[in-house]
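# Structural characterization, general
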Amino acid sequence: MISVVILTMNEAANLPRCLDSIRWCDDVLVLDSGSTDATVALATSSGARVMNRRFDSFAGQRNYAMEQGELRHPWVLHLDADEVVRPELARELQAIAGAASSPFPVYRIPSRIILRGRWLRRAGMYPAYQVRFGRREALRFVDHGHGQREVQPPDQVGTIAAAFDHYNFSKGVNDWFARHLRYAREEARQSWLERGESLRVSGLWSGDSTERRRALKRIAHRLPCRPSLRFFYSYFLRGGVLDGKAGLQYARMLATYQRFIDMNLAELREAQRKGES
């Protein structure tokens, strides 16, 4: 009933755990971006199909898999290799796929960020949603910042109650920072592109948590002292202090990530200033 797409790049440490969580699936496509470790061998030995494509963006990879992956089932779930499908999530997805009809073409899924073996329920902004599940003909993505967004308007997006676990730190804190240095550049570019747009704050009062989060993000881009504000929001306003040492560590990491973004924005402003002078 469900095909699964997994994006990989040197994910030998994570892939077995991810694959183990989807043993119920008989059509797994691993889209690899040039791994030099045992990722491809592990995928092949598990029975997954493997395709190779140089990484351009998350949206580009996911759309390529949808269009060229010869997926067998009408419903598709997208995963990263450091994500794990919990049993209750699997049951909910299978129930939707097995129904005679569905009210929505695509669905968003919450994720639980895991740090030091602990779910960051508060500091991790739970429930933060991404559209990752949908009908094969409808599930497509567009680039946004360092990630992707769905092409459907909010009223065409359903919500899954169960979450997947995201082991975002499985390769260590240094790897997290290395990735977020790259992400910061893309986030800064997205913010720069949106700098001339009117500040749309109506989403703050939306009944949809994703719309509220996106509205808050738009506002945050206009505020001063963003690293400190991001720490305060994550650790105090969101209650990260209740997540123990892991919550404090993550709030500090988010503040550093915001500093990376601001440094990239400063470079873009300086480049514009030089171009106008």
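Notes on the structure follow. (Residues numbered from 1 in each chain as written. Predicted model: local features only at pLDDT ≥ 70, side-chain atom pairs only at ≥ 80, totals over all residues. Heavy atoms only, no water.)

## Some words on the pairing of strand 4 (residues 75-80)
How we decide: Throughout this description, buried means an accessible area under 20% of the type-specific maximum (1.4 Å probe, protein chains only), exposed means over 50%, and partly exposed covers the range between. By definition, any uninterrupted DSSP run of H or I lasting at least four residues is a helix, any uninterrupted run of E lasting at least two residues is a strand, and each is numbered from the N terminus. Criterion used throughout: strands pair if DSSP finds at least two bridges between them.
The element strand 4 is largely enclosed, with a buried count of 6 among its 6 residues. Every second residue of strand 4 is oriented toward a common face, with Trp75, Leu77 and Leu79 on one face and Val76, His78 and Asp80 on the other, all of them buried. Sheet topology note: the strand 1 (residues 2-8)/strand 4 ladder contains 6 bridges and is parallel. Each bridged residue has a counterpart across the sheet, and for Ile2 the counterpart in strand 4 is Trp75. Bridging between strand 4 and strand 8 (residues 128-135) involves 3 bridges; their strand directions are antiparallel.

## Some remarks on helix 4 (residues 87-98)
As a reminder of what qualifies: Given a helix with a known number of residues, its expected span is that number minus one, times 1.5 Å. This arc describes the spread of directions from the helix axis toward the C-beta atoms. Contact between two residues is taken to exist if any of their heavy atoms lie within 4.5 Å; hydrogens are not considered.
The first and last C-alpha atoms of helix 4 sit 16 Å apart over 12 residues, in line with the 16 Å expected at 1.5 Å per residue. Where helix 4 is concerned, the buried positions are Leu89, Ala90, Leu93, Ile96 and Ala97. What you see down the axis of helix 4 is that its buried residues fit within an arc of 130°, all on one side. The exposed residues of helix 4 that point more than 90 degrees off its buried face are Pro87, Arg91 and Ala95. In this structure, the buried side of helix 4 is in contact with strand 1, strand 4, strand 5 (83-85), strand 6 (106-115), strand 8 and strand 12 (164-166).

## Comments concerning unusual backbone geometry
Here the amide bond leading from Tyr126 into Pro127 is cis, since omega sits at 0°, within 30 degrees of zero. Mapped onto the elements, Pro127 comes out in the loop between strand 7 (118-119) and strand 8. Its identity is not glycine, yet Arg116 carries a phi of approximately 55°, on the positive side. Position of Arg116 relative to the elements: it lies in the loop between strand 6 and strand 7. A relative accessible area of 58% means that Arg116 is categorised as exposed. For Met125, which is not glycine, the phi dihedral falls at a positive 60°. Of note, Met125 is situated in the loop between strand 7 and strand 8. The buried category is assigned to Met125, whose relative accessible area is 15%.

Keep in mind these values describe shape, not function.
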